[in-house]
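Observations on the three-dimensional arrangement
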Number of protein chains: 2
Amino acid sequence: MISVNILGYGNVGKHLSQALLELSGVELQEVYNRSLPTEVREDVAFIDTITDLKPADITILTVKDDAIGSVSKAIPYEGNLVVHTSGSMPMSKLDAKNRRGVFYPLQSFSKGSEIDFHTIPICIEAEDKRDLTLLRLLGEKLSKSVQEISSEERKKLHLAATWVNNFTNHIFHLAANYLDENGLSFDLLKPLILETARKIQEIHPSAAQTGPAIRRDSATLQNHLNQMSDPQLKEIYKLLTESIQNINK
Amino acid sequence: MISVNILGYGNVGKHLSQALLELSGVELQEVYNRSLPTEVREDVAFIDTITDLKPADITILTVKDDAIGSVSKAIPYEGNLVVHTSGSMPMSKLDAKNRRGVFYPLQSFSKGSEIDFHTIPICIEAEDKRDLTLLRLLGEKLSKSVQEISSEERKKLHLAATWVNNFTNHIFHLAANYLDENGLSFDLLKPLILETARKIQEIHPSAAQTGPAIRRDSATLQNHLNQMSDPQLKEIYKLLTESIQNINK
(Lines give C-alpha, C1' and ligand atoms only; values in the text may rest on other atoms or scores of the structure.)
Protein backbone atom coordinates (compact mmCIF):
# COMPACT_ATOMS: atom_id res chain seq x y z
CA MET A 1 0.00 0.00 0.00
CA ILE A 2 1.39 3.42 -1.00
CA SER A 3 0.19 6.23 1.28
CA VAL A 4 -0.15 9.65 -0.33
CA ASN A 5 -0.70 13.15 1.05
CA ILE A 6 -1.89 15.85 -1.30
CA LEU A 7 -1.11 19.48 -0.52
CA GLY A 8 -3.32 21.94 -2.39
CA TYR A 9 -6.87 21.37 -3.58
CA GLY A 10 -7.14 23.40 -6.79
CA ASN A 11 -7.77 21.85 -10.21
CA VAL A 12 -4.79 19.50 -10.16
CA GLY A 13 -5.31 18.59 -6.50
CA LYS A 14 -8.98 17.73 -7.04
CA HIS A 15 -8.47 15.70 -10.19
CA LEU A 16 -5.49 13.85 -8.72
CA SER A 17 -7.24 13.12 -5.40
CA GLN A 18 -10.20 11.70 -7.26
CA ALA A 19 -7.98 9.53 -9.46
CA LEU A 20 -5.98 8.22 -6.48
CA LEU A 21 -9.17 7.32 -4.59
CA GLU A 22 -10.08 5.00 -7.45
CA LEU A 23 -6.78 3.08 -7.41
CA SER A 24 -6.13 -0.11 -5.52
CA GLY A 25 -2.91 -0.30 -3.53
CA VAL A 26 -2.98 3.45 -2.88
CA GLU A 27 -4.24 5.18 0.24
CA LEU A 28 -5.09 8.87 0.00
CA GLN A 29 -4.08 9.65 3.57
CA GLU A 30 -4.65 13.40 3.98
CA VAL A 31 -5.48 16.36 1.76
CA TYR A 32 -4.26 19.72 3.02
CA ASN A 33 -5.60 23.03 1.79
CA ARG A 34 -5.27 26.55 3.26
CA SER A 35 -9.03 26.58 3.70
CA LEU A 36 -11.25 23.53 4.08
CA PRO A 37 -13.25 22.87 0.90
CA THR A 38 -17.01 23.47 1.12
CA GLU A 39 -17.76 20.05 -0.35
CA VAL A 40 -18.39 17.38 2.25
CA ARG A 41 -16.66 14.08 1.48
CA GLU A 42 -16.59 11.03 3.72
CA ASP A 43 -13.76 9.47 1.73
CA VAL A 44 -11.22 12.29 2.05
CA ALA A 45 -9.51 13.45 5.25
CA PHE A 46 -9.21 17.20 4.71
CA ILE A 47 -7.04 19.34 6.97
CA ASP A 48 -6.31 23.06 6.90
CA THR A 49 -3.46 23.11 9.44
CA ILE A 50 -0.29 21.94 7.75
CA THR A 51 1.44 21.20 11.07
CA ASP A 52 -1.15 18.44 11.65
CA LEU A 53 0.04 16.55 8.55
CA LYS A 54 1.29 13.01 9.22
CA PRO A 55 4.14 11.53 7.13
CA ALA A 56 3.17 9.55 4.02
CA ASP A 57 5.16 7.52 1.48
CA ILE A 58 4.65 10.28 -1.07
CA THR A 59 3.65 13.88 -0.38
CA ILE A 60 2.41 15.58 -3.55
CA LEU A 61 2.30 19.37 -3.79
CA THR A 62 -0.30 20.68 -6.25
CA VAL A 63 -0.03 24.28 -5.05
CA LYS A 64 0.79 27.25 -7.29
CA ASP A 65 4.36 27.51 -8.59
CA ASP A 66 5.29 30.40 -6.33
CA ALA A 67 4.04 28.55 -3.21
CA ILE A 68 6.16 25.41 -3.75
CA GLY A 69 9.04 26.77 -1.67
CA SER A 70 7.04 27.97 1.31
CA VAL A 71 4.57 25.07 1.49
CA SER A 72 7.34 22.45 1.21
CA LYS A 73 9.14 24.25 4.01
CA ALA A 74 6.04 24.22 6.21
CA ILE A 75 5.69 20.41 6.05
CA PRO A 76 6.13 19.22 9.67
CA TYR A 77 8.17 16.09 8.82
CA GLU A 78 11.64 15.53 7.36
CA GLY A 79 13.44 12.87 5.32
CA ASN A 80 10.30 11.75 3.46
CA LEU A 81 9.58 11.88 -0.27
CA VAL A 82 7.99 15.18 -1.31
CA VAL A 83 7.23 15.96 -4.97
CA HIS A 84 5.68 18.85 -6.86
CA THR A 85 3.48 18.69 -9.98
CA SER A 86 4.67 21.78 -11.83
CA GLY A 87 5.81 21.77 -15.44
CA SER A 88 7.97 24.84 -15.23
CA MET A 89 9.59 24.65 -11.77
CA PRO A 90 12.84 22.74 -11.12
CA MET A 91 12.86 20.02 -8.49
CA SER A 92 15.20 22.23 -6.45
CA LYS A 93 12.32 24.61 -5.63
CA LEU A 94 11.31 22.11 -2.96
CA ASP A 95 12.74 22.53 0.53
CA ALA A 96 15.70 20.18 0.96
CA LYS A 97 14.67 18.87 4.39
CA ASN A 98 12.68 16.12 2.60
CA ARG A 99 13.78 13.83 -0.26
CA ARG A 100 12.74 15.66 -3.43
CA GLY A 101 11.04 14.66 -6.66
CA VAL A 102 8.60 15.69 -9.36
CA PHE A 103 5.35 14.08 -10.52
CA TYR A 104 4.14 16.19 -13.46
CA PRO A 105 1.00 15.12 -15.32
CA LEU A 106 1.28 16.69 -18.79
CA GLN A 107 -2.30 17.86 -19.20
CA SER A 108 -4.41 20.97 -18.81
CA PHE A 109 -6.78 20.65 -15.88
CA SER A 110 -10.01 22.64 -15.81
CA LYS A 111 -12.81 22.87 -13.34
CA GLY A 112 -15.74 20.64 -14.25
CA SER A 113 -13.94 18.91 -17.10
CA GLU A 114 -13.41 15.19 -16.44
CA ILE A 115 -9.89 13.87 -16.91
CA ASP A 116 -8.85 10.38 -17.97
CA PHE A 117 -5.46 9.96 -16.31
CA HIS A 118 -4.87 6.75 -18.20
CA THR A 119 -3.78 8.64 -21.35
CA ILE A 120 -1.86 11.46 -19.63
CA PRO A 121 1.94 11.28 -19.79
CA ILE A 122 3.34 11.50 -16.26
CA CYS A 123 6.82 12.96 -16.08
CA ILE A 124 8.78 11.84 -13.04
CA GLU A 125 12.06 12.90 -11.50
CA ALA A 126 13.71 12.17 -8.15
CA GLU A 127 17.03 12.70 -6.39
CA ASP A 128 16.97 9.15 -5.05
CA LYS A 129 16.79 6.04 -7.28
CA ARG A 130 14.38 4.22 -4.96
CA ASP A 131 12.11 7.26 -4.92
CA LEU A 132 12.10 7.22 -8.71
CA THR A 133 10.98 3.58 -8.60
CA LEU A 134 8.21 4.46 -6.16
CA LEU A 135 7.04 7.38 -8.34
CA ARG A 136 7.05 5.11 -11.37
CA LEU A 137 4.97 2.56 -9.46
CA LEU A 138 2.38 5.18 -8.56
CA GLY A 139 2.51 6.72 -12.06
CA GLU A 140 1.91 3.38 -13.74
CA LYS A 141 -1.15 2.76 -11.62
CA LEU A 142 -2.58 6.00 -13.02
CA SER A 143 -1.31 6.13 -16.58
CA LYS A 144 0.01 3.98 -19.40
CA SER A 145 2.73 6.59 -20.08
CA VAL A 146 5.28 7.34 -17.34
CA GLN A 147 8.49 9.07 -18.44
CA GLU A 148 11.64 9.98 -16.59
CA ILE A 149 12.22 13.64 -17.45
CA SER A 150 14.88 15.92 -15.94
CA SER A 151 14.08 19.44 -14.66
CA GLU A 152 15.86 20.90 -17.70
CA GLU A 153 13.86 18.76 -20.13
CA ARG A 154 10.63 19.42 -18.27
CA LYS A 155 11.12 23.17 -18.74
CA LYS A 156 11.30 22.64 -22.50
CA LEU A 157 8.34 20.31 -22.46
CA HIS A 158 6.33 22.88 -20.55
CA LEU A 159 7.19 25.53 -23.11
CA ALA A 160 6.07 23.25 -25.95
CA ALA A 161 2.88 22.49 -23.99
CA THR A 162 2.23 26.22 -23.74
CA TRP A 163 2.42 26.42 -27.52
CA VAL A 164 0.03 23.57 -28.26
CA ASN A 165 -2.42 24.38 -25.48
CA ASN A 166 -2.40 28.13 -24.72
CA PHE A 167 -1.59 29.38 -28.21
CA THR A 168 -3.85 26.91 -29.96
CA ASN A 169 -6.72 27.78 -27.66
CA HIS A 170 -6.06 31.46 -28.28
CA ILE A 171 -6.33 30.88 -32.03
CA PHE A 172 -9.71 29.23 -31.36
CA HIS A 173 -10.64 32.32 -29.37
CA LEU A 174 -9.61 34.70 -32.17
CA ALA A 175 -11.57 32.64 -34.72
CA ALA A 176 -14.63 32.53 -32.43
CA ASN A 177 -14.57 36.31 -32.00
CA TYR A 178 -14.12 36.87 -35.73
CA LEU A 179 -17.10 34.65 -36.56
CA ASP A 180 -19.14 36.27 -33.82
CA GLU A 181 -18.45 39.74 -35.23
CA ASN A 182 -19.65 38.47 -38.59
CA GLY A 183 -22.82 36.83 -37.30
CA LEU A 184 -21.56 33.27 -37.81
CA SER A 185 -21.55 30.44 -35.28
CA PHE A 186 -18.28 29.07 -33.87
CA ASP A 187 -20.02 25.68 -33.67
CA LEU A 188 -19.42 25.33 -37.41
CA LEU A 189 -15.67 25.06 -36.75
CA LYS A 190 -15.81 22.52 -33.93
CA PRO A 191 -15.66 19.35 -36.06
CA LEU A 192 -12.70 20.78 -37.98
CA ILE A 193 -10.89 21.62 -34.75
CA LEU A 194 -11.36 18.09 -33.45
CA GLU A 195 -10.23 16.56 -36.72
CA THR A 196 -7.12 18.81 -36.78
CA ALA A 197 -6.10 17.48 -33.37
CA ARG A 198 -7.08 13.90 -34.21
CA LYS A 199 -5.09 13.86 -37.43
CA ILE A 200 -1.71 14.56 -35.83
CA GLN A 201 -2.22 11.62 -33.46
CA GLU A 202 -1.44 9.55 -36.56
CA ILE A 203 0.59 11.69 -38.93
CA HIS A 204 3.32 14.27 -38.26
CA PRO A 205 2.12 17.91 -38.40
CA SER A 206 4.53 18.51 -41.29
CA ALA A 207 2.55 16.00 -43.38
CA ALA A 208 -0.83 17.33 -42.24
CA GLN A 209 -0.31 20.95 -43.31
CA THR A 210 -2.70 22.25 -46.01
CA GLY A 211 -4.06 25.66 -47.00
CA PRO A 212 -3.11 28.83 -48.85
CA ALA A 213 0.15 29.53 -46.96
CA ILE A 214 1.87 26.25 -47.80
CA ARG A 215 0.42 26.35 -51.35
CA ARG A 216 1.82 29.90 -51.66
CA ASP A 217 -1.60 30.87 -53.00
CA SER A 218 -1.08 34.62 -52.87
CA ALA A 219 -4.56 35.48 -54.21
CA THR A 220 -6.29 33.70 -51.30
CA LEU A 221 -3.76 35.06 -48.78
CA GLN A 222 -4.44 38.62 -49.95
CA ASN A 223 -8.18 37.96 -50.00
CA HIS A 224 -7.98 36.74 -46.38
CA LEU A 225 -6.03 39.83 -45.29
CA ASN A 226 -8.66 42.04 -46.91
CA GLN A 227 -11.33 40.42 -44.78
CA MET A 228 -9.74 41.35 -41.47
CA SER A 229 -9.77 44.82 -39.99
CA ASP A 230 -8.00 44.35 -36.65
CA PRO A 231 -4.29 45.25 -37.13
CA GLN A 232 -3.06 42.70 -34.58
CA LEU A 233 -5.11 39.94 -36.19
CA LYS A 234 -3.56 40.81 -39.55
CA GLU A 235 -0.10 40.87 -38.02
CA ILE A 236 -0.54 37.39 -36.53
CA TYR A 237 -1.95 36.12 -39.83
CA LYS A 238 1.07 37.46 -41.72
CA LEU A 239 3.64 36.18 -39.24
CA LEU A 240 2.17 32.67 -39.07
CA THR A 241 1.85 32.55 -42.87
CA GLU A 242 5.50 33.56 -43.20
CA SER A 243 6.49 30.96 -40.60
CA ILE A 244 4.56 28.20 -42.46
CA GLN A 245 6.40 29.15 -45.64
CA ASN A 246 9.79 29.24 -43.87
CA ILE A 247 9.39 25.86 -42.20
CA ASN A 248 8.24 24.26 -45.47
CA LYS A 249 10.95 25.75 -47.67
CA MET B 1 -33.53 9.02 -56.45
CA ILE B 2 -31.07 11.93 -56.72
CA SER B 3 -28.49 11.42 -59.46
CA VAL B 4 -25.10 13.01 -58.89
CA ASN B 5 -22.07 13.61 -61.12
CA ILE B 6 -18.75 14.36 -59.48
CA LEU B 7 -16.13 16.32 -61.42
CA GLY B 8 -12.63 15.96 -60.00
CA TYR B 9 -11.22 12.98 -58.11
CA GLY B 10 -8.76 14.51 -55.64
CA ASN B 11 -9.17 14.27 -51.85
CA VAL B 12 -12.63 15.86 -51.71
CA GLY B 13 -13.83 14.01 -54.82
CA LYS B 14 -12.73 10.65 -53.44
CA HIS B 15 -14.16 11.12 -49.97
CA LEU B 16 -17.42 12.52 -51.31
CA SER B 17 -17.84 9.76 -53.94
CA GLN B 18 -17.31 7.12 -51.29
CA ALA B 19 -19.83 8.75 -48.95
CA LEU B 20 -22.46 9.11 -51.72
CA LEU B 21 -22.06 5.44 -52.71
CA GLU B 22 -23.09 4.48 -49.19
CA LEU B 23 -26.34 6.54 -49.24
CA SER B 24 -29.73 5.22 -50.19
CA GLY B 25 -31.76 7.38 -52.53
CA VAL B 26 -28.64 8.71 -54.23
CA GLU B 27 -27.10 7.45 -57.44
CA LEU B 28 -23.47 8.32 -58.15
CA GLN B 29 -23.92 8.51 -61.91
CA GLU B 30 -20.51 9.48 -63.28
CA VAL B 31 -17.16 10.61 -61.92
CA TYR B 32 -15.08 12.71 -64.29
CA ASN B 33 -11.35 13.27 -63.86
CA ARG B 34 -8.76 14.61 -66.30
CA SER B 35 -7.03 11.25 -66.12
CA LEU B 36 -8.68 7.94 -65.23
CA PRO B 37 -7.72 6.86 -61.72
CA THR B 38 -5.46 3.82 -61.46
CA GLU B 39 -7.78 2.15 -58.95
CA VAL B 40 -10.28 -0.26 -60.55
CA ARG B 41 -13.79 0.09 -59.14
CA GLU B 42 -16.86 -1.76 -60.39
CA ASP B 43 -19.17 0.59 -58.52
CA VAL B 44 -18.01 3.89 -60.05
CA ALA B 45 -18.39 4.94 -63.69
CA PHE B 46 -15.20 6.91 -64.31
CA ILE B 47 -14.80 9.03 -67.44
CA ASP B 48 -11.92 11.22 -68.58
CA THR B 49 -13.68 13.01 -71.46
CA ILE B 50 -15.89 15.75 -70.04
CA THR B 51 -17.95 16.00 -73.26
CA ASP B 52 -19.22 12.44 -72.56
CA LEU B 53 -20.85 13.56 -69.30
CA LYS B 54 -24.63 12.98 -69.12
CA PRO B 55 -26.87 15.40 -67.18
CA ALA B 56 -27.55 14.61 -63.51
CA ASP B 57 -29.78 16.19 -60.85
CA ILE B 58 -26.69 17.63 -59.17
CA THR B 59 -23.24 18.05 -60.71
CA ILE B 60 -20.62 18.60 -58.01
CA LEU B 61 -17.25 20.13 -58.86
CA THR B 62 -14.44 19.13 -56.50
CA VAL B 63 -11.69 20.54 -58.73
CA LYS B 64 -9.11 23.12 -57.61
CA ASP B 65 -10.33 26.67 -57.05
CA ASP B 66 -8.71 28.04 -60.17
CA ALA B 67 -10.26 25.32 -62.37
CA ILE B 68 -13.88 25.99 -61.31
CA GLY B 69 -14.47 28.47 -64.14
CA SER B 70 -13.02 26.41 -66.96
CA VAL B 71 -14.37 23.00 -65.87
CA SER B 72 -17.90 24.37 -65.31
CA LYS B 73 -17.71 25.92 -68.79
CA ALA B 74 -16.66 22.59 -70.34
CA ILE B 75 -19.74 20.74 -69.00
CA PRO B 76 -21.64 19.61 -72.15
CA TYR B 77 -25.15 20.31 -70.79
CA GLU B 78 -27.02 23.51 -69.82
CA GLY B 79 -29.81 24.48 -67.45
CA ASN B 80 -28.93 21.85 -64.81
CA LEU B 81 -27.80 22.33 -61.23
CA VAL B 82 -24.00 22.63 -60.93
CA VAL B 83 -22.31 23.31 -57.59
CA HIS B 84 -18.75 23.70 -56.38
CA THR B 85 -17.27 22.62 -53.05
CA SER B 86 -14.84 25.46 -52.39
CA GLY B 87 -14.73 27.46 -49.18
CA SER B 88 -13.16 30.55 -50.63
CA MET B 89 -14.70 30.92 -54.11
CA PRO B 90 -18.01 32.73 -54.70
CA MET B 91 -20.86 30.87 -56.39
CA SER B 92 -20.43 33.23 -59.35
CA LYS B 93 -17.15 31.51 -60.30
CA LEU B 94 -19.31 28.84 -61.95
CA ASP B 95 -20.26 29.27 -65.60
CA ALA B 96 -23.78 30.72 -65.84
CA LYS B 97 -25.05 28.31 -68.48
CA ASN B 98 -26.14 25.96 -65.68
CA ARG B 99 -28.10 26.77 -62.49
CA ARG B 100 -25.48 27.52 -59.87
CA GLY B 101 -24.93 26.54 -56.27
CA VAL B 102 -22.39 25.62 -53.59
CA PHE B 103 -22.03 22.46 -51.50
CA TYR B 104 -19.11 23.13 -49.13
CA PRO B 105 -18.18 20.50 -46.54
CA LEU B 106 -16.35 22.37 -43.77
CA GLN B 107 -13.57 19.88 -43.10
CA SER B 108 -9.95 19.25 -44.03
CA PHE B 109 -9.65 16.23 -46.30
CA SER B 110 -6.41 14.26 -46.40
CA LYS B 111 -5.33 11.25 -48.33
CA GLY B 112 -5.71 8.05 -46.35
CA SER B 113 -7.53 9.68 -43.44
CA GLU B 114 -11.11 8.38 -43.08
CA ILE B 115 -13.83 11.02 -42.87
CA ASP B 116 -17.14 10.75 -41.04
CA PHE B 117 -19.41 13.05 -43.04
CA HIS B 118 -22.11 12.75 -40.42
CA THR B 119 -20.43 15.36 -38.19
CA ILE B 120 -19.21 17.71 -40.94
CA PRO B 121 -21.15 20.96 -41.39
CA ILE B 122 -22.26 21.26 -45.00
CA CYS B 123 -22.68 24.85 -46.18
CA ILE B 124 -25.13 25.20 -49.05
CA GLU B 125 -26.06 28.06 -51.36
CA ALA B 126 -28.07 28.23 -54.59
CA GLU B 127 -29.52 30.83 -56.95
CA ASP B 128 -32.79 28.92 -57.18
CA LYS B 129 -34.99 28.09 -54.14
CA ARG B 130 -35.83 24.59 -55.38
CA ASP B 131 -32.13 23.89 -55.91
CA LEU B 132 -31.48 24.93 -52.33
CA THR B 133 -34.11 22.41 -51.21
CA LEU B 134 -32.46 19.70 -53.29
CA LEU B 135 -29.00 20.52 -51.89
CA ARG B 136 -30.43 20.44 -48.38
CA LEU B 137 -31.99 17.03 -49.09
CA LEU B 138 -28.65 15.64 -50.26
CA GLY B 139 -26.77 17.37 -47.45
CA GLU B 140 -29.05 15.94 -44.78
CA LYS B 141 -28.50 12.43 -46.10
CA LEU B 142 -24.79 12.95 -45.47
CA SER B 143 -24.65 15.10 -42.36
CA LYS B 144 -26.59 16.16 -39.30
CA SER B 145 -25.51 19.78 -39.86
CA VAL B 146 -26.59 21.53 -43.10
CA GLN B 147 -26.39 25.33 -43.11
CA GLU B 148 -27.44 27.91 -45.65
CA ILE B 149 -24.41 30.19 -46.01
CA SER B 150 -23.96 32.99 -48.54
CA SER B 151 -20.79 33.42 -50.63
CA GLU B 152 -19.84 36.41 -48.50
CA GLU B 153 -20.31 34.47 -45.24
CA ARG B 154 -18.52 31.43 -46.64
CA LYS B 155 -15.44 33.54 -47.37
CA LYS B 156 -15.33 34.55 -43.71
CA LEU B 157 -15.92 31.00 -42.55
CA HIS B 158 -13.10 29.81 -44.75
CA LEU B 159 -10.76 32.39 -43.25
CA ALA B 160 -11.68 31.27 -39.73
CA ALA B 161 -11.19 27.64 -40.80
CA THR B 162 -7.70 28.56 -42.00
CA TRP B 163 -6.97 29.89 -38.53
CA VAL B 164 -8.15 26.85 -36.59
CA ASN B 165 -6.77 24.29 -39.02
CA ASN B 166 -3.67 25.65 -40.81
CA PHE B 167 -2.36 27.87 -38.02
CA THR B 168 -3.12 25.38 -35.27
CA ASN B 169 -1.40 22.61 -37.19
CA HIS B 170 1.56 24.91 -37.76
CA ILE B 171 1.84 25.50 -34.04
CA PHE B 172 1.91 21.71 -33.58
CA HIS B 173 4.67 21.62 -36.18
CA LEU B 174 6.73 24.31 -34.40
CA ALA B 175 6.33 22.49 -31.08
CA ALA B 176 7.28 19.15 -32.68
CA ASN B 177 10.45 20.65 -34.16
CA TYR B 178 11.34 22.34 -30.88
CA LEU B 179 11.01 19.08 -28.95
CA ASP B 180 12.90 17.22 -31.63
CA GLU B 181 15.80 19.67 -31.42
CA ASN B 182 15.85 19.07 -27.67
CA GLY B 183 15.71 15.28 -27.88
CA LEU B 184 12.14 15.03 -26.58
CA SER B 185 9.26 13.13 -28.18
CA PHE B 186 6.29 14.98 -29.68
CA ASP B 187 4.16 12.00 -28.60
CA LEU B 188 4.22 13.44 -25.07
CA LEU B 189 2.08 16.38 -26.28
CA LYS B 190 -0.53 14.38 -28.20
CA PRO B 191 -2.98 13.80 -25.32
CA LEU B 192 -2.81 17.51 -24.42
CA ILE B 193 -3.50 18.48 -28.03
CA LEU B 194 -6.53 16.22 -28.17
CA GLU B 195 -7.84 17.51 -24.85
CA THR B 196 -7.36 21.15 -25.97
CA ALA B 197 -9.58 20.49 -28.99
CA ARG B 198 -12.06 18.41 -27.01
CA LYS B 199 -12.48 21.02 -24.30
CA ILE B 200 -13.76 23.75 -26.60
CA GLN B 201 -16.46 21.40 -27.89
CA GLU B 202 -18.08 22.11 -24.52
CA ILE B 203 -16.79 25.43 -23.25
CA HIS B 204 -15.97 28.66 -25.09
CA PRO B 205 -12.24 29.20 -25.78
CA SER B 206 -12.37 32.36 -23.66
CA ALA B 207 -13.23 30.18 -20.63
CA ALA B 208 -10.67 27.50 -21.50
CA GLN B 209 -7.62 29.79 -21.59
CA THR B 210 -4.90 29.04 -19.03
CA GLY B 211 -1.14 29.57 -18.82
CA PRO B 212 1.46 32.24 -18.15
CA ALA B 213 0.20 34.81 -20.70
CA ILE B 214 -3.32 35.16 -19.26
CA ARG B 215 -1.94 34.97 -15.69
CA ARG B 216 0.53 37.74 -16.67
CA ASP B 217 3.22 35.59 -15.09
CA SER B 218 6.18 37.58 -16.37
CA ALA B 219 8.81 35.32 -14.75
CA THR B 220 7.59 32.25 -16.67
CA LEU B 221 7.13 34.27 -19.88
CA GLN B 222 10.73 35.49 -19.68
CA ASN B 223 11.93 32.03 -18.77
CA HIS B 224 10.16 30.65 -21.88
CA LEU B 225 11.70 33.30 -24.13
CA ASN B 226 15.16 32.42 -22.78
CA GLN B 227 14.65 28.83 -23.87
CA MET B 228 14.11 29.65 -27.54
CA SER B 229 16.89 30.64 -29.90
CA ASP B 230 15.06 31.01 -33.24
CA PRO B 231 14.16 34.73 -33.67
CA GLN B 232 10.92 33.99 -35.56
CA LEU B 233 9.79 31.53 -32.91
CA LYS B 234 10.39 34.20 -30.26
CA GLU B 235 8.53 36.77 -32.32
CA ILE B 236 5.47 34.51 -32.65
CA TYR B 237 5.63 33.71 -28.93
CA LYS B 238 5.69 37.43 -28.06
CA LEU B 239 2.93 38.38 -30.48
CA LEU B 240 0.58 35.60 -29.37
CA THR B 241 1.28 36.36 -25.71
CA GLU B 242 0.48 40.04 -26.33
CA SER B 243 -2.69 39.05 -28.18
CA ILE B 244 -3.83 36.76 -25.32
CA GLN B 245 -3.33 39.66 -22.92
CA ASN B 246 -5.17 42.11 -25.20
CA ILE B 247 -8.19 39.88 -25.73
CA ASN B 248 -8.46 39.18 -22.00
CA LYS B 249 -8.10 42.78 -20.83
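Figured I'd write up the structure that's included with this text. What you are looking at is a predicted structure, and each value in this text was computed from that prediction instead of being measured.

1. Examining the pattern of salt bridges
Residue and element names in this part refer to chain A. Under the defined criterion, the tally for this structure stands at 24 salt bridges over all chains. Between aspartate 187 and lysine 190 there is a salt bridge, with the nearest N and O atoms lying 3.0 Å from each other. Exposure remark for aspartate 187: the relative accessible area of 48% places this residue in the partly exposed category. With a relative accessible area of 15%, lysine 190 lands in the buried category. In this structure, the salt-bridge partner of aspartate 217 is arginine 215, at a minimum N-O distance of 3.0 Å. It is possible to trace a salt-bridge network through shared partners that takes in Glu195, Arg198 and Glu202.

2. Regarding the relation of the copies chain B and chain A
Between chain B and chain A, which share one sequence, the superposing operator has a rotation angle of 180° and an axial displacement of 0.0 Å; the RMSD is 0.1 Å. Expressed as a symmetry operation, the mapping of one chain copy onto the other fits a two-fold axis. Residue threonine 168 of chain B, judged by its C-alpha, is the member of chain B lying nearest the rotation axis, at 2.8 Å. Counting the interface residues of chain B, we find that 100% of their copies in chain A are interface residues as well, pointing to one common contact surface.

3. Here's the deal with the packing of aromatic side chains
According to the stated counting rule, one finds 10 aromatic pairs over all chains in the structure shown. With 5.0 Å between their ring centres and 85° between their planes, tryptophan 163 of chain A and phenylalanine 167 of chain A make a pair best called edge-to-face. On the criterion of helical spacing, the pair formed by tryptophan 163 of chain A and phenylalanine 167 of chain A is a turn pair, its members being four residues apart in helix α4 (residues 151–181). Since its relative accessible area comes to 3%, tryptophan 163 of chain A is described here as buried. Classification of phenylalanine 167 of chain A as buried rests on a relative accessible area of 1%. Taking 4.9 Å as the distance between ring centres and 75° as the angle between the ring planes, the aromatic pair formed by tyrosine 9 of chain B and phenylalanine 46 of chain B counts as edge-to-face. Highlighted residues: tyrosine 9 of chain B in the loop between β1 (2–7) and α1 (11–21) and phenylalanine 46 of chain B in strand β3 (residues 46–47), separated in sequence by 37 residues. Here the aromatic residues Trp163 and Phe167 of chain A together with Tyr237 of chain B are joined through ring pairs into a cluster of three or more.

4. A word on the environment of serine 88 of chain B
Residue and element names in this part refer to chain B. Inspection of the secondary structure puts serine 88 in the loop between β5 (81–84) and β6 (99–105). Sequence-wise, serine 88 and arginine 154 are 66 residues apart; in three dimensions their C-alpha atoms are separated by 6.7 Å. Among all residues touching serine 88, those that are not within four sequence positions of it are Asp65, Lys155 and His158.

5. Notes on the interface of chain B and chain A
With 81 residues of chain B at the contact, the number on the chain A side is 82 residues. When chain B packs against chain A, the two sides together hide about 8500 Å² of surface, and 67% of this comes from carbon and sulfur. On the chain B side of the interface with chain A, the three residues burying the most area are Trp163, Val164 and Leu188 of chain B, jointly 8% of the side's total. Scanning the region where chain B abuts chain A turns up zero salt bridges. On the surface where chain B and chain A come into contact, there are 26 residue pairs in polar contact (both at pLDDT 80 or more). Contributions of two or more residues to the side of chain B that touches chain A are made by α4 (151–181), α5 (190–202), α6 (205–208), α8 (218–226) and α9 (231–247) of chain B. For the side of chain B that touches chain A, the leading source of residues is α4 of chain B, giving 26 residues. Within the side of chain B that touches chain A, the residues separate by chemical class into 39 nonpolar, 32 polar and 10 charged.

6. Here's the deal with the packing of helix α9 (residues 231–247) of chain A against α4 of chain B
Two elements in contact, α9 of chain A and α4 of chain B, have axes whose closest approach is 10 Å; the angle formed by their N-to-C orientations is 50°. Classified by the interaxial angle, the pair formed by α9 of chain A and α4 of chain B is oblique. In the crossing of α9 of chain A with α4 of chain B, the sense of the turn from one axis to the other is left-handed. Listed contacts from α4 of chain B to Leu233, Ile236, Tyr237, Leu240, Thr241, Ser243, Ile244 and Ile247 of chain A of α9 of chain A are Leu159, Trp163, Asn166, Phe167, His170, His173, Leu174 and Asn177 of chain B. A breakdown of the residues in the contact of α9 of chain A with α4 of chain B according to their chemical character gives 10 nonpolar, six polar and no charged.

7. Re a negative patch on the surface
On the surface, Glu235 and Glu242 of chain A together with Glu235 and Glu242 of chain B cluster together into a patch of negative charge. Sorting the residues of the negative patch by element identifies α9 of chain A together with α9 of chain B as the ones contributing at least two each. With respect to the element layout, glutamate 235 of chain B can be found in helix α9. Classification of glutamate 235 of chain B as partly exposed rests on a relative accessible area of 43%.

8. Thoughts on the sheet that holds strand β4 (residues 58–61) of chain B
The strands making up a sheet associate through hydrogen bonds between their backbones, and the pairing can be parallel or antiparallel. Residues and elements named next belong to chain B. Pairing in this open sheet of eight strands is mixed, and the strands run β3-β2-β1-β4-β5-β6-β7-β8 from one edge to the other. If you trace the sheet from one side to the other, it starts and ends with β3 and β8 (146–148), each paired once. Of the strands in this sheet, β1, β2 (26–32), β4, β5, β6, β7 (122–126) and β8 are in contact with helix α3 (residues 129–142), which crosses β7 at around 165°.

9. Topic: the sheet that holds strand β2 (residues 26–32) of chain A
All names here are of chain A. As summarised here, the arrangement of the eight strands in space is β3-β2-β1-β4-β5-β6-β7-β8, forming an open sheet in which the pairing is mixed. The sheet terminates laterally at β3 (46–47) and β8 (146–148), the two strands that pair on one side only. Note: β2 against β3, two bridges, orientation parallel. In the sheet register, valine 31 faces β3, and the bridge partner there is phenylalanine 46. On the sheet, helix α3 (residues 129–142) packs against β1 (2–7), β2, β4 (58–61), β5 (81–84), β6 (99–105), β7 (122–126) and β8 and is oriented at approximately 165° with respect to β7.

Rules used in this analysis
Residues numbered from 1 in each chain as written. Chains lettered and ligands numbered in written order. Predicted model: local features only at pLDDT ≥ 70, side-chain atom pairs only at ≥ 80, totals over all residues. Heavy atoms only, no water. Salt bridge = Lys/Arg side-chain N within 4 Å of Asp/Glu carboxyl O. Buried < 20%, exposed > 50% of the residue type's maximum accessible area, 1.4 Å probe, protein only. Least-squares fit on C-alpha atoms with pLDDT ≥ 70 in both. Contact = heavy atoms within 4.5 Å. Phe/Tyr/Trp six-rings, centres within 6.5 Å; stacked < 30°, edge-to-face > 60°. Helix = DSSP H or I, 4+ residues; strand = E, 2+ residues; numbered from the N terminus. Buried area = accessible area lost by both parts, 1.4 Å probe. Polar contact = N/O pair within 3.5 Å; in protein donor to acceptor, adjacent residues only side chain to side chain. Nonpolar A, V, L, I, M, F, W, Y, C, P; charged D, E, K, R; others polar. Axes fitted to C-alpha atoms, helices over the stretch in contact; angles between N-to-C directions. Parallel < 35°, antiparallel > 145°, perpendicular 65-115°, else oblique. Left-handed = near helix turned anticlockwise from the far one by under 90°. Patch = residues over 30% accessible without salt bridge, like charges linked within 9 Å, V, L, I, M, F, W, Y side chains within 5 Å. Areas by Shrake-Rupley, 256 points an atom, 1.4 Å probe, with all protein chains shown as cover. Lys, Arg positive; Asp, Glu negative; His and termini not counted. Charge placed at Lys NZ, Arg CZ, Asp CG, Glu CD. Pairing = 2+ DSSP bridges.

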